[in-house]
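What follows is the residue order along each chain.
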Amino acid sequence: NNTDTDVVLAPLWKRPEKLTRAQRNKQKRHRALEKEIQERKRAKKLLHAVSEVKRYQRELRQQDEERAERREWIAQLKKQQQEEQKATALGTQLWQRMSERDPEETPTLPVALSHELSKSLRSMKPKGSLLTDRLASFRDRTMTVHKKTVGRDTKQIVQGKKRRRQQQHHQRRSTVRVKNNSQHHVKDANGRDLVLMG
């Protein structure tokens, strides 16, 4: 009998031994005890959650009160602004309002200096432009639409197929290679030289 060639066959599934009535009762008592412990834990969690409800209600009430106060404050501010706007008509006190908003960007009033004043109005040289002042006044009173003119510096927005074509065109590079020792000189689409080492 060679030990290398012996094959030991083991049963695939072993039937559990039959429990006695005492063992089955013990298992039942154990399961009942575990179930009772789980129920107690669940009840304790529920009681804790119920006691936390009051705290959450208090926090929610405080948040609601704060929101209401903020809404009232914003409504009062809006009402004050509307009253101020009604009190001062559009186009009045323009220089004062502009200087309050942005003093650096406020245009200066075209006023003649004392040595520039003459004795008669006919010989006096006018300051500023009546047309530009009038148009600015119209614009400030929202009587005209102020549109920015499109100059050469502004970038035009291109959409759709044209845009994709432009992007592809910019991505392509003409590759003109000149071998110079271990460097490759490549020119991109704009004609700039790029040096590839390697």
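Please read these numbers as outputs of a predicted model, since none were measured by experiment.

1. With respect to the overall build of the chain
- For the chain, the helix and strand inventory stands at 4 helices and 3 strands.
- Of the regular secondary structure in the chain, the N- to C-terminal order runs α-α-α-α-β-β-β.
- A total of 198 residues make up the chain; the buried ones form 3% of that total.
- For the chain, the proportion of contacts with a sequence separation of at least 24, taken over those separated by at least 6, is 10%.
- For the chain, the accessible area works out to roughly 20,700 Å², and carbon and sulfur atoms hold 52% of it.

2. Description of a negative patch on the surface
- A cluster of acidic side chains, namely Glu65, Glu66, Glu69 and Glu72, defines a negative patch on the protein surface.
- Locating glutamate 72 in the fold gives a position in helix 1 (residues 21-87).
- Taking the relative accessible area as the measure of exposure, glutamate 72 reaches 52% and is therefore exposed.

3. A closer look at the pattern of salt bridges
- For the structure on display, the rule yields 5 salt bridges.
- In this structure, arginine 40 engages glutamate 36 in a salt bridge whose closest nitrogen and oxygen atoms are separated by 2.7 Å. Placement of both arginine 40 and glutamate 36 in helix 1 is noted, with a separation of 4 residues, approximately one turn of the helix.
- The exposure class of arginine 40 is exposed, given its relative accessible area of 53%.
- Accessibility expressed as a relative area gives 41% for glutamate 36, which makes it partly exposed.

4. Quick look at helix 1
- Compared with an ideal rise of 1.5 Å per residue, which puts 67 residues at 99 Å, helix 1 spans 97 Å between its outermost C-alpha atoms and is within 8% of the ideal.
- At glutamate 52, helix 1 shows its largest bend, some 25°.

5. Some words on a positive patch on the surface
- A surface patch of positive charge is lined by Lys18, Arg21, Arg24, Lys28 and Arg31.
- On the basis of relative accessible area, lysine 28 is assigned to the exposed category, the value being 55%.

6. A few points about the confidence of the model for the chain
- Across the chain, the average pLDDT comes to 77, with 72% of residues at or above 70.
- Highest mean pLDDT in the chain belongs to helix 1 (91); lowest belongs to strand 1 (residues 178-180) (49).
- Between residues 173-178, whose pLDDT stays under 50, and residues either more than four places distant or in other chains, the model counts 17 contacts.

7. Here we look at a nonpolar patch on the surface
- There is a patch of nonpolar side chains on the surface, built from Trp73, Ile74 and Leu77 and spanning about 270 Å² of accessible area.
- Mapped onto the secondary structure, tryptophan 73 falls in helix 1.
- Relative accessible area serves as the criterion here: at 47%, tryptophan 73 is assigned to the partly exposed category.

The rules behind the values
Residues numbered from 1 in each chain as written. Predicted model: local features only at pLDDT ≥ 70, side-chain atom pairs only at ≥ 80, totals over all residues. Heavy atoms only, no water. Helix = DSSP H or I, 4+ residues; strand = E, 2+ residues; numbered from the N terminus. Buried < 20%, exposed > 50% of the residue type's maximum accessible area, 1.4 Å probe, protein only. Contact = heavy atoms within 4.5 Å. Areas by Shrake-Rupley, 256 points an atom, 1.4 Å probe, with all protein chains shown as cover. Patch = residues over 30% accessible without salt bridge, like charges linked within 9 Å, V, L, I, M, F, W, Y side chains within 5 Å. Salt bridge = Lys/Arg side-chain N within 4 Å of Asp/Glu carboxyl O. Lys, Arg positive; Asp, Glu negative; His and termini not counted. Charge placed at Lys NZ, Arg CZ, Asp CG, Glu CD. Expected span 1.5 Å × (residues − 1). Bend = angle between axes of the 7 residues up to and from the residue. pLDDT = per-residue confidence, 0-100.

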